[in-house]
Each structure stands twice: as C-alpha cells, then as structure tokens.
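Below are the chains, spelled out letter by letter.
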Amino acid sequence: MPPHIITAYSTKGGVGKTTSAVNLAVLAAEEGNRVLLWDLDPQAAATWLLGVKQKLRGGAEAVILGEKSLERATRPTAVRNLEVLPADLSYRDLDVALDGHKRSSARLGRALEPLRDVYDVVILDTPPGVSLVAENAVRASDVVVTPLAPALLSLRSYDQVRAFIATQKTDARLVAFLNQVDRRKRSHRDAATELPARIEGMSDIVVPASVVVERMAERRAALQQFAPRSEAGRAFAALWHTVSRG
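All residue numbers refer to position in the chain's written sequence, counted from 1. Totals for whole chains, interfaces and linings use every residue, but because this is a predicted model, local features are given only for residues with pLDDT of at least 70 and side-chain atom pairs only at 80 or more, for both listing and counting. Side-chain measures were taken over the full set of non-hydrogen atoms in the model, leaving aside hydrogen atoms and water.

*Asks:* Sorry, what's going on with the side chain of serine 154 here?
*Replies:* Runs of H or I in DSSP of at least four residues are treated as helices and runs of E of at least two as strands, each being numbered from the N terminus. In this fold, serine 154 is placed in helix H8 (residues 154-166). On the basis of relative accessibility, which here comes to 4%, the residue serine 154 falls in the buried class. Polar contacts involving the side chain of serine 154 include one to the main-chain carbonyl oxygen of alanine 149, which spans 2.5 Å. Contact criterion: two residues are considered in contact whenever any of their non-hydrogen atoms come within 4.5 Å of each other. Look past the residues within four positions of serine 154 in its chain and what remains in contact with it is Leu148, Ala149 and Leu195. Burial classification: accessible surface area is computed with a 1.4 Å probe over protein chains only, and a residue below 20% of its type maximum counts as buried, one above 50% as exposed, and the rest as partly exposed. Under the rule applied, a polar contact is a pair of N or O atoms within 3.5 Å (in protein, one hydrogen donor and one hydrogen acceptor; residues adjacent in sequence only if both atoms are side-chain atoms).

Set out below in structure tokens:
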C-alpha cells in the first residue's frame, strides 16, 4: 500500500518539483489508486499541465481553512483515477491567511482528514522556499520528495530541506534524487557520482535532462502518457517505486 500523502518540496525553485509531482500522480493513478494532486503553488503549473481550469471558487483560503469542501473543489483530469485541486493566484496570500488562525501549521492536514477515505494517494505540489504553506504540507506528509539540481552545491539544498523537516512535528520519510542531469557536462557527471555517496539516504535515481521532459508542456501530459519508455519516463517510474514501496 503506497503512502497516503506525498509532498513534492524544495527550498529552491526550478529543480523540477512540479514535473515530479505530475509524473508521480499519473504513475500512482495508473496503478489503480484513487489520486488527488493538490496544487499549492500560485503559479498553478501542475494545474495547467493536467489541463484543469485555473480557477478556485472562493479562493485558497476558503478551501484550506475549511469554509469550502475540498472534495467539491476538485476537478477531473484526462487520466483515469486522477483528480486535481487547482491552484490560482489566491494562493499567493495563503501564508498571510494561515498566520491569522490558530494552529496555523496544521490547517492543511486537518482539511485533508475527510479525504482519507476518498483517495488512496494525495500528492501536494508546494511552492519553493520556506513558508507556512510548506510547513503545513510537510507536517501532513508521509513522504517528502525533493528533486536536486546536478551540482555539488545541492548538498546545501538537501541539508536545508532536511533541517526544515526536522523542525516540524512529522515522521515523514525524505526521498531525494538528482534531476535534469546532462551527462555530457563534467560537473553533472561529478554530481551524479559524488552526491549519492556524500548524502546519507539519498536515492541513486537520476532523471536526465531531456527534450522529452520539455515536451510535457507542449502536450500538457505526463511522460507516462506519451513517452513511458524514455529514459526519463523509466527514471520517474523508478522514483514512484521507491516512494510507494519504501
């Protein structure tokens, strides 16, 4: 049985967090799980990639603070068993809204409670950086998935994520992996060789930099829908296996 709540999170932007969240969501759904991807990023990239309208009636505050039913706010996708709780620009003010309420770091987890019997897997795509939204997501999670850029400086990013998780009241398992690796570049090859050895518990999964990943935006689809046998598609499948089976 896969973990119930998985959060895609990074302190750094541009490392492939949303790409990871979307591919994991589709892989989970293809196994027959009932899956919800909750897009918590005001840029709404995951919402857009899955072809869902970027409009949340009542705004993010109404949903996350319990004034509106999460289940009624979800939207179907073209992928069987996969639904999306869309993001829009109202999420940009969610930190301020959360800060004004009691138990501000546990609101998201409480909002998700009624959905435990509705979905087998919930995937949270968070905005980058340290925020109250990120605290909520990490606290609610069983697993935190962190893509790392192929650079030795990513050791610092990993340490930041691990330290952030350690400050939260959670037993979430951390799964880190290298993303956007171009083996033609020596620095990328060095990172792929050295980082797994230097970072305790880091996955040996490497997702390559590939034009097929860029085509996700053109097709508005996950790799499993149009290029499952590509090197990147197989790498994300391996990531899902690691995340779902421990």
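So, next bit.
*Asks:* What's the story with the sheet that holds strand E4 (residues 82-85) in this structure? I'm lost.
*Replies:* In any sheet, the strands associate via hydrogen bonds between backbone groups, in a parallel or an antiparallel arrangement. Strands are labelled as partners when DSSP assigns at least two bridges between them. One open sheet holds the eight strands; their spatial order is E3-E4-E2-E5-E1-E6-E7-E8, and the pairing between them is mixed. The strands lining the two open edges of the sheet, one partner per strand, are strand E3 (75-76) and strand E8 (206-208). As paired strands, strand E1 (residues 5-8) and strand E5 (residues 121-125) are joined by four bridges and run parallel to one another. Bridge pairing links isoleucine 6 to isoleucine 123 in E5. Think of each axis as a best-fit line through the C-alpha atoms, taken over the contacting stretch in the case of a helix, with angles from 0 to 180 degrees between the N-to-C directions. Against the sheet, helix H12 (residues 231-245) contacts E1, E5, strand E6 (143-148), strand E7 (173-181) and E8, and its axis sits at roughly 175° relative to E7.

*Asks:* Which parts of the structure should I look at to understand unusual backbone geometry?
*Replies:* The phi torsion at alanine 44 lies on the positive side, around 55°, for a residue other than glycine. Summarising the element assignment, alanine 44 is placed in the loop between strand E2 (35-39) and helix H2 (45-49). Of the residues examined, alanine 44 reaches a relative accessible area of 1% and is grouped as buried. Here glutamine 180, not a glycine, exhibits a phi torsion of approximately 60°, which is positive. Following the sequence through the fold, glutamine 180 ends up in strand E7.

*Asks:* What is the right way to look at the pairing of E7 in this model?
*Replies:* Residues in a regular strand point their side chains to alternate faces of the sheet. Along E7, seven of the nine residues are buried, which leaves the element largely enclosed by surrounding structure. Bridge analysis of E6 against E7 gives six bridges, and the strand direction is parallel. For threonine 146, the partnering residue across the bridge sits in E7 and is alanine 176. For a crossover, the right-handed case is the one in which the path from the first strand over the helix to the second runs clockwise, viewed with the strands pointing away from the viewer. Between E6 and its parallel partner E7, the chain crosses via H8, and the hand of that crossover is right-handed. When E7 meets E8, the two strands line up parallel, connected through two bridges. Each bridged residue has a counterpart across the sheet, and for valine 181 the counterpart in E8 is proline 208.

The analysis is restricted to geometry; functional conclusions fall outside its scope.
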